[in-house]
Amino acid sequence: MDKIVFKKITPEEVKNFFKFFEYSIHSQFPEYSVKTRKKFTRTDYALEKLEKGLANKELAVYAAFNGNDCVGYLMASAWCGGICFINWMAVAKKFQGKGIASKLLQMCEKEAKLKGFHKFHLWTDGRNLKFYKSKGFKLIGKIPESDYGADNYLFYKTIQKPSERNFLKSTKI
Ligand SMILES: CC(C)(COP(=O)(O)OP(=O)(O)OC[C@H]1O[C@@H](n2cnc3c(N)ncnc32)[C@H](O)[C@@H]1OP(=O)(O)O)[C@@H](O)C(=O)NCCC(=O)NCCS
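Quick summary incoming for the structure in this document.

Parameters and conventions
Residues numbered from 1 in each chain as written. Predicted model: local features only at pLDDT ≥ 70, side-chain atom pairs only at ≥ 80, totals over all residues. Heavy atoms only, no water. Helix = DSSP H or I, 4+ residues; strand = E, 2+ residues; numbered from the N terminus. Buried < 20%, exposed > 50% of the residue type's maximum accessible area, 1.4 Å probe, protein only. Contact = heavy atoms within 4.5 Å. Areas by Shrake-Rupley, 256 points an atom, 1.4 Å probe, with all protein chains shown as cover. Lys, Arg positive; Asp, Glu negative; His and termini not counted. Charge placed at Lys NZ, Arg CZ, Asp CG, Glu CD. Near = heavy atom within 4 Å. Polar contact = N/O pair within 3.5 Å; in protein donor to acceptor, adjacent residues only side chain to side chain. 1 Å grid on protein atoms, 1.4 Å probe; cavity = no way out; pocket = protein on both sides within 12 Å on 5 of 7 lines; lining within 4 Å. Sits in = over half its atoms within 2 Å of the grid points. Points joined across faces, edges and corners; volume = space filled by probe spheres on them. Nonpolar A, V, L, I, M, F, W, Y, C, P; charged D, E, K, R; others polar.

### Concerning the overall build of the chain
In terms of regular secondary structure, the chain is built from six helices and seven strands. For the chain, the N- to C-terminal ordering of α and β elements is β-α-α-α-β-β-β-α-β-α-β-β-α. With respect to the principal axes defined by its C-alpha atoms, the chain has extents near 40 × 35 × 35 Å. Residues classed as buried in the chain amount to 44% of the 173 residues present. Sequence separation of 24 or more characterises 66% of the internal contacts of the chain that already satisfy a separation of 6 or more. In the structure as shown, the chain presents an accessible area of about 9600 Å², 53% of it carried by carbon and sulfur atoms. In the chain, the 32 positive side-chain charges and the 17 negative ones have mean positions that sit 5 Å from each other.

### Considering the site of the ligand
As a structural note, the neighbourhood of the ligand is formed by 18 residues, with M89, V91, G97, G99 and S102 the closest of them. Between the ligand and V91 there is a distance of 2.8 Å, counted from an oxygen atom to a backbone nitrogen or oxygen. One of the backbone N or O atoms of A101 is found 2.9 Å from an oxygen atom in the ligand. Given that more than half its atoms are within 2 Å of the pocket grid, the ligand belongs to the largest pocket.

### Let's talk about the layout of surface pockets
For the largest pocket, the calculated volume is near 860 Å³. Taken together, 39 residues make up the lining of the largest pocket; nearest its centre are F29, M89, A90, R127 and N128. Elements that contribute at least two residues to the lining of the largest pocket include exactly helix 1 (14-28), strand 4 (83-91), helix 4 (100-115), strand 5 (119-124) and helix 5 (129-134). In terms of residue count, strand 4 provides more of the lining of the largest pocket than any other element does, seven residues in total. For the lining of the largest pocket, the residue count by class is 21 nonpolar, 10 polar and eight charged. Its volume calculated, the second largest pocket comes out at about 210 Å³.

So, in C-alpha cells, the structure goes:
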C-alpha cells in the first residue's frame, strides 16, 4: 500500500483536509440532495466553522494523507453526557478496502476513551451496516426519511463504563 500518514488535524491544517472533505461530501453521500450537500460544505461544515470547532475542541478530525493529499477522514464531535458523535467518515474510492477507515476509527476511539467519553453514536445510510457491525457497533434501528429526508440507521458503540467524574464536566475532543 502507498505510504499513508495518519494524523489528528489542527485548526491550522484544516485547509489541507477541507479540499477532500468538500469533494467527498459532494461525491460520496448521494443519500442527500445536491442542494443539501452544498448547505453542508458552505454552511454547517464550512471551513471557518470547522476551524472554530477544532480550536474549541468541540470537534476533532482524524485524517489519512498520501503525500499532501488527504485520502480519508473521520470527523467526530463532543456531545454532552459522555457521548462522542461521529459526524462523517469517508475514504477516497481508490484507497478503500485497505484498512484506512478502521485505523481512523481506532485513533478516534483511543482518544475519546482517554478524554472520558463512554459511547459513540452515529447514523449512516444502508450501505455501511456490515462495516459498522464488524467494528463493534450495535444497530438500534432505522429512522425513515430522517435528517434532510435521508433514511438513518442508528448505531452506538460502548467505549468504556460511564463515569460521573467525566460526564458531569464538559468533555472536549
Ligand atoms: C465506509 C468506508 C468509510 C470504509 O472505508 P475503508 O477504508 O474502505 O474501510 P476498511 O478498509 O477499514 O474496511 C474494514 C473492513 O470493512 C469492510 N468494508 C468496508 N466498507 C464496507 C462496506 N460499505 N460494507 C461492507 N463491508 C465493508 C472491508 O472489506 C474490511 O473488511 P475486513 O476487515 O474483513 O478486510 C468507505 O467505504 C467509504 O468511504 N464509503 C463512502 C462514504 C461512506 O459511506 N461513509 C460512511 C458514512 S457514515
